[in-house]
Amino acid sequence: MSSKVNLLICFFILHLWGAASVRGHKIGIYEIKKGDFSVKVINYGARVISVLLPDKHGKIGDVVLGYDTIKEYVNDTSSFGAIVGRVANRIGGAQFTLNGTVYKLIANDGKNTLHGGPKGFSHVVWKVSKYEKDGPRPHITLTYHSADGEEGFPGDLLVSVTYALKDPYKLSVVMKAKALNKATPVNLAQHTYWNLAGHNSGNILSNDIQIFGSHVTLLDQHLIPTGEIAPVKNTPYDFLKPRKVGSQFNKLQNGYDINYPLDSTEKMKYAAIVYDKKSGRVMDLKTSAPAVQFYTSNTLQKKGKGGYEYQPYSALCLETQGFPDAVNHPNFPSTIVTPEKPYDHKMLYTFSIKKY
């Protein structure tokens, strides 16, 4: 296929995306690019929909799972690439008490609230406030005003996320939130599904991963924290030294979906390192958040980009965040944001290549 035909196809796809809308709000696709490193974002859910970078042979590949159309993202139940909130992860019993008031939320995960509720920040249209496609600092900033009472949460909240590319092969994600009038829980997470071999390359069980947390927050049968923080030593959750994702799957019921409090107290600390031998790609993740949720897409069953059938374990998620259900566990670090105490959450992905 000629480069001219490819260009026309890309233009046609961009035109379709740019012309689409949800509830009267236009949805666009926005690329930020630095050489052969490119990230595409849509303003529906502030989602990362593709990350293109070379492998050890110089072949460019897309390393995140996703869809081909806006309609699929609108109907998505897996939070592909999204900023999730107002509170990521689960809130037990779909309620919490703050300053003496009980707030009842919308249950969308059994009796619990997951990722902010059935709407949440992943299913709203964000405003593009800044955008620079290339040049010395390619970046995009998206904002959203969450109204008092939305999904049951108190107070007006102004939220922003900035995606920026840095040399060499670095993707910065900065999530901020400001409570405008009331105290409210805030725990945002970036929910991209990563497969460093390529989105259509099969499962991630042979990836090597290192997680810089020597404890996990134990869960009950509904994946709600019990409040106990337990060491990973001599358990299948021990990734303090690099090992394959699937190396101890035989000791698990259904893959990984658990929160690791991070050991370091540095402002920006290592959360995880992932290595895919087949492609040679390595992803280092640093964060300012106190924890990371490790999820291996255990129940995934979707038709994705190019009609490829995503199966369980087709990707892994590393969602840096506050502790899940912190609003109901006084022993967990607080996730309460006030007008005087804004929210600031940074992530830095660094991609590199091992050629051996």
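Remember, it's a predicted structure, so these values are computed and weren't measured experimentally.

Draft legend 1. Looking closely at the sheet that holds strand β22 (residues 257–261). Taken together, the three strands give an open sheet; going across it, the order is β22-β25-β28, and neighbouring strands pair in antiparallel fashion. With one partner strand each, in any of the chains shown, β22 and β28 (317–321) form the two edges of the open sheet. Taken pair by pair, the neighbouring strands of this sheet meet at an average axis angle of 25 degrees, ignoring direction. Of the strand pairs in this sheet, β22 and strand β25 (residues 291–295) are connected by five bridges, and their pairing is antiparallel. Within β25, the position partnered with Asn259 by the bridge is Gln293.

Draft legend 2. The pattern of salt bridges, seen in detail. Tallied over the full model, the rule gives nine salt bridges. Here Asp76 ties to Arg47 by a salt bridge, and the two come within 2.9 Å at their closest N and O atoms. Residue Asp76 is found in the loop between α2 (70–74) and β7 (82–84), and its partner Arg47 is found in strand β5 (residues 47–54); the two are separated by 29 residues along the sequence. A relative accessible area of 0% means that Arg47 is categorised as buried. Between Lys119 and Glu150 there is a salt bridge whose closest N-O contact spans 3.5 Å. Of this pair, Lys119 sits in the loop between β11 (113–114) and β12 (127–132) while Glu150 sits in the loop between β13 (139–146) and β14 (157–166); the two residues are 31 residues apart in sequence, bridging distant segments of the chain. By relative accessible area, Lys119 is classed as partly exposed at 34%. Among the residues examined, Glu150 registers a relative accessible area of 15% and is labelled buried.

Draft legend 3. Region of the structure containing the layout of surface pockets. Roughly 830 Å³ of internal volume is contained in the largest pocket. As for the largest pocket, its lining consists of 37 residues, and the residues nearest its centre are Arg90, Leu223, Asp257, Tyr295 and Asn298. Counting only elements with at least two residues in the lining of the largest pocket, the list comes to β19 (215–219), β22 and β25. Taken together, the residues of the lining of the largest pocket break down into twelve nonpolar, 18 polar and seven charged.

Draft legend 4. View of the sheet that holds strand β3 (residues 29–34). If you trace the four strands from one edge of the open sheet to the other, you get β3-β4-β5-β6, paired in antiparallel fashion. Only two strands of the sheet have a single neighbouring strand rather than two, namely β3 and β6 (60–62). When strand polarity is set aside, the average angle formed by the axes of neighbouring strands in this sheet is 15 degrees. Examined bridge by bridge, β5 and β6 share three bridges and lie antiparallel to one another. Note that in β6 the partner of Pro54 across the bridge is Ile60.

Draft legend 5. Up close: a positive patch on the surface. Taken together, the side chains of Lys130, Arg137, Lys166 and Lys176 make up a positively charged region of the molecular surface. With respect to the helices, strands and loops of the structure, Lys176 is situated in strand β15 (residues 170–179). Residue classification places Lys176 among the partly exposed residues on the basis of a relative accessible area of 42%.

Draft legend 6. Molecular detail of empty space enclosed by the protein. Following the criterion strictly, the structure yields three cavities of 30 Å³ or more and no others. Taken as a whole, the largest cavity encloses approximately 50 Å³ of empty space. As for the largest cavity, its lining consists of Arg86, Gly116, Lys119, Gly120, Phe121, Val124, Tyr144, Ser146, Glu150, Glu151 and Phe153. Of the residues assigned to the lining of the largest cavity, the class counts are four nonpolar, three polar and four charged.

Draft legend 7. Molecular detail of the nonpolar core. Judged by nonpolar contacts, the single largest core of 59 residues is most densely connected at Trp126, Tyr163, Phe294 and Leu318. Setting aside anything within four residues of it in sequence, one finds Trp126 in contact with Asn43, Gly45, Ala46, Ile83, Phe121, Leu142, Thr143, Tyr144, Val159, Ser160 and Val161. Within the second largest apolar cluster, 19 residues are counted, among which are Ala20, Val22, Ile49 and Tyr73.

Draft legend 8. Structural view of the pairing of β19. Note that β19 and strand β20 (residues 225–231) share four bridges and pair antiparallel. Note that in β20 the partner of Leu219 across the bridge is Pro225.

Draft legend 9. Inspection of the side chain of Arg90 at higher detail. Here Arg90 is to be found in strand β8 (residues 90–91). What makes Arg90 buried here is its relative accessible area of 9%. Side-chain polar atoms of Arg90 contact the side chain of Asp109, separated by 2.9 Å. If we ignore the near neighbours within four places in the chain, the residues touching Arg90 are Asp109, Thr113, Leu114, His222, Leu223, Ile224, Asp257, Pro324 and Asp325.

Draft legend 10. Inspection of the UniProt feature "binding site: beta-D-galactose" (unreviewed entry) in the protein at higher detail. This chain's UniProt record puts "binding site: beta-D-galactose" (unreviewed entry) on Asn89, Arg90, His191, Thr192, Tyr193 and Asp257. In the annotated group above, the largest pocket draws its lining from Asn89, Arg90, His191, Tyr193 and Asp257. Relative to the helices and strands, Tyr193 resides in the loop between β17 (189–191) and β18 (208–211). Excluding its chain neighbours within four sequence positions, the residues that come into contact with Tyr193 are Val63, Val64, Leu65, Ser78, Ser79, Phe80, Tyr295, Ser297, Ala315, Leu316 and Cys317.

Reading the values: the criteria
Residues numbered from 1 in each chain as written. Predicted model: local features only at pLDDT ≥ 70, side-chain atom pairs only at ≥ 80, totals over all residues. Heavy atoms only, no water. Pairing = 2+ DSSP bridges. Helix = DSSP H or I, 4+ residues; strand = E, 2+ residues; numbered from the N terminus. Axes fitted to C-alpha atoms, helices over the stretch in contact; angles between N-to-C directions. Salt bridge = Lys/Arg side-chain N within 4 Å of Asp/Glu carboxyl O. Buried < 20%, exposed > 50% of the residue type's maximum accessible area, 1.4 Å probe, protein only. 1 Å grid on protein atoms, 1.4 Å probe; cavity = no way out; pocket = protein on both sides within 12 Å on 5 of 7 lines; lining within 4 Å. Points joined across faces, edges and corners; volume = space filled by probe spheres on them. Nonpolar A, V, L, I, M, F, W, Y, C, P; charged D, E, K, R; others polar. Patch = residues over 30% accessible without salt bridge, like charges linked within 9 Å, V, L, I, M, F, W, Y side chains within 5 Å. Areas by Shrake-Rupley, 256 points an atom, 1.4 Å probe, with all protein chains shown as cover. Lys, Arg positive; Asp, Glu negative; His and termini not counted. Charge placed at Lys NZ, Arg CZ, Asp CG, Glu CD. Core = buried A, V, L, I, M, F, W, Y, C linked by side-chain atoms within 4.5 Å. Contact = heavy atoms within 4.5 Å. Polar contact = N/O pair within 3.5 Å; in protein donor to acceptor, adjacent residues only side chain to side chain. UniProt positions renumbered as here; feature names shortened; annotations may be inferred.

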